[in-house]
Amino acid sequence: MSLAEVITKSSGDGQKLKLEHLHMVYGQGAESVPVLEDVNLEVSDGEFVCIVGPSGCGKSTLLNVMAGFLPATGGTVTIDGEVVSGPDSRRILVFQERGVFPWLTVEGNIGFGLAKLSREERRQRIAHYVQAVRLQGFEHAYPSDLSGGMKQRLQVARALAVNPDILYLDEPFGALDFVTRVIMRGELHRIWQTERRTILFVTHDIDEAVQLADRVVVLSSRPARIQDILTIDIHHPRNISSPRYLELRDELLKQIGLAYEI
Amino acid sequence: MKLPARFRPVLFIVLLLVGWQVAIDRHPGQILPGPIAVAGGIVDLLRHGILFKYIVASLFRVTWGFSLAALLAIPLGLMLGWFQRGEMAFYPLIQIFRPISPLAWIPIAILWFGVGDSAAIFLIFVGCFFPMLLIAMSAVRNIPSIYINAGRNFGLSSSEFVTRVLYPAVIPQLLVGLRITLGIAWLVVVAAEMISVNSGLGFLIVDARNAGNRYDLVVAGMVIIGVIGLLLDLAMRSLENVKSFHWSSSEE
């Protein structure tokens, strides 16, 4: 081991997730469809990365590969130096809708991944995350009694409760109405600032990406390659009518091939 | 006059009974006994102490046939639904057996079990087994993949996965299945008792006709069968109302 290697290893560059030459092909032979093509990305610990791209380009596939639900047909996903080979409670995928278990109460859902904890620890953890996503008073309610936004907050709470290193969010606010979506954005940002997890967030909403992300990864249309990575160099709280914000937003719109005017 | 909504069906039934009695009084004949004669038949059966005995005999056979079918068909169906190869192997076979009426099994049942309770129980079992099997298979297949993925994501072991995701996810459909098959069991027991035993409500109907054309007792038997069938269905329905069971109906 050279001195340089020792230094980078011991100092820890904070790198969390690494995608190397990731390829994904659905089907076989003549009917095969390439979905991901040579995707390379490094995400550092505690970073908030948004992934945008034209619809159907393979954003969700990429997220499912990173979470270990789909085996890649080529390349590797590495987390903390360990190659991902399947789903794991250290990294939780939050789905767009219907992800909470309808047969469990709010408490039951948040405690779903906590079976190994003692009763007292579990109770504390549940109480903490009920508070974190502001579902106080609904502890014993079933998901059918919650609104769409509350269900998504519940899903995020259930994910955070198992203390994962990484959260993968697959258009988590995509099925919500505009106002709820904006509120949820603020909530997620607040939670991210207090809990400091690494977040990979797939969205088709450009504003969502510019408001939340440290960096925005733009994917090309299928087969998805990384077309560009934009660093959002605006401090929080972000002023959504500042020139820099609008500049970045325009840049992203241009990147995914949308004109300035309808 | 305002009548509470739940009394309206009762009032309607009373009106029909009165109409029935009036029609019988105006055209006396051999077509059908009137409601008063039928009520007399029920009293007769009660006085001789056989009504209660026959009801218990029928319920005993239904309980055994239905429980055995559920105990075998549900685990097997869940397994076949989960492992797609199993389903591919068994599906054609099940589809061939399913449309065979349980009544077609009567000769086989008597050949295998002789005349008696076992034959009747076997017929009920056959009548319930295949519908329950198919319902259990489709219940597993219809679990949204999102629940399965969420379960895998939280690192559940296989046995935890079965008890904490698979089982609660299929419960609502299984309850509907049990309700349907209990109805089938109640249909089949009457037919089975007409042929293979000498007790029970089905036997009562055949016996009342053979032993002197007591049609008041025939219709009395039919009424009792209908009322008990209704009570069984209500009991199954009350199961569906348990909060953590009936989630699917409220979710969609």
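Everything numeric here is computed off the predicted structure, so don't read it as measured data.

Parameters at a glance
Residues numbered from 1 in each chain as written. Chains lettered and ligands numbered in written order. Predicted model: local features only at pLDDT ≥ 70, side-chain atom pairs only at ≥ 80, totals over all residues. Helix = DSSP H or I, 4+ residues; strand = E, 2+ residues; numbered from the N terminus. Buried ≥ 20, exposed ≤ 12 C-beta atoms within 10 Å, placed from the backbone. Contact = placed C-beta atoms within 7 Å. Domains from an automatic or database assignment. Nonpolar A, V, L, I, M, F, W, Y, C, P; charged D, E, K, R; others polar. pLDDT = per-residue confidence, 0-100. Pairing = 2+ DSSP bridges. Axes fitted to C-alpha atoms, helices over the stretch in contact; angles between N-to-C directions.

Asks: I'm lost on the overall build of chain A in this one. Help?
Replies: Along its length, chain A carries eight helices and 10 strands. Overall, chain A is about 55 × 50 × 45 Å in size when its C-alpha atoms are taken along their principal axes. Burial status across chain A gives 40% buried among its 262 residues. Taking the intrachain contacts of chain A between residues at least 6 apart in sequence as the baseline, contacts between residues at least 24 apart amount to 70%.

Asks: What's the story with the domain arrangement of chain A in this structure? I'm lost.
Replies: The parts lose accessible area when they come together, and the size of an interface is often stated as this lost area. All names here are of chain A. Assigned domains within chain A: domain 1 (13–90 + 165–176 + 195–262) and domain 2 (97–163). Each of domain 1 and domain 2 was reduced to a C-alpha centroid, and the two centroids are 26 Å apart. Considering only residue class, the side of domain 1 that touches domain 2 consists of five nonpolar, one polar and one charged.

Asks: Mind showing me how you'd approach the confidence of the model for chain B here?
Replies: Do not read the predicted coordinates in detail wherever pLDDT is low. Residues of chain B with pLDDT of at least 70 account for 94%, and the chain-wide mean is 88. For this predicted complex, the interface score ipTM comes out at 0.80, while the overall pTM is 0.77.

Asks: Help me understand the sheet that holds strand β6 (residues 91–94) of chain A in this model?
Replies: Think of a sheet as strands paired side by side through backbone hydrogen bonds, with each pair either parallel or antiparallel. All names here are of chain A. Pairing in this open sheet of six strands is mixed, and the strands run β6-β7-β8-β3-β9-β10 from one edge to the other. With partners counted over all chains shown, the strands left at the sheet margins are β6 and β10 (226–231), one partner each. When the angles between neighbouring strand axes are averaged without regard to direction, this sheet yields 15°. Examined bridge by bridge, strand β9 (residues 215–219) and β10 share five bridges and lie antiparallel to one another. Among the inter-strand pairings, V216 is bridged to a residue of β10, identified as L230.

Asks: Before we go on, may I ask you to explain unusual backbone geometry in this structure?
Replies: With glycine set apart, most residues show a phi of negative sign, and most peptide bonds adopt trans. All names here are of chain A. In the segment running from R222 into P223, the intervening peptide bond is cis, with an omega of -5°. Look at the link from H236 to P237: it is a cis peptide, with omega at -10°. Summarising the element assignment, P237 is placed in the loop between β10 and α8 (243–255). For R134, which is not glycine, the phi torsion reads 55° and is therefore positive.

Asks: So what exactly am I meant to see when it comes to the interface of chain A and chain B here?
Replies: Facing 17 residues of chain A, the contacting portion of chain B comprises 14 residues. Split into classes, the residues belonging to the side of chain A that touches chain B amount to 11 nonpolar, four polar and two charged.

Asks: Teacher, can you tell me more about the pairing of β6 of chain A here?
Replies: Sheet faces and side chains relate simply in a regular strand, where the side chains alternate between the two faces. Residue and element names in this part refer to chain A. Alternating positions in β6 separate into two faces, R91 and L93 on one and I92 and V94 on the other, with burial throughout. Bridge count for β6 against strand β7 (residues 166–170) is four bridges, and the pairing is parallel. Note that in β7 the partner of V94 across the bridge is L169.

Asks: Hey, could you run me through the sheet that holds strand β5 (residues 82–83) of chain A in this one?
Replies: Residues and elements named next belong to chain A. Taken in spatial order, the four strands of this open sheet run β2-β1-β4-β5, and their pairing is antiparallel. The sheet is open, and its two edges are formed by β2 (33–44) and β5, each paired on a single side. Relative to strand β4 (residues 74–79), strand β1 (residues 15–26) runs antiparallel, the two being bridged by five bridges. Within the sheet, the bridge partner assigned to H23 lies in β4 and is G74. Along the sheet, helix α2 (residues 59–67) contacts β1, β2 and β4; its crossing angle with β2, the most-contacted strand, is approximately 60°.

Asks: Where do I start with the pairing of β1 of chain A in this structure?
Replies: Residue and element names in this part refer to chain A. Where β1 meets β2, eight bridges bridge the pair, whose relative direction is antiparallel. Paired with Q15 across the two strands is S44, which belongs to β2. Here β1 hands over to β2 after six residues, with G27 in that stretch at a positive phi of 75°.

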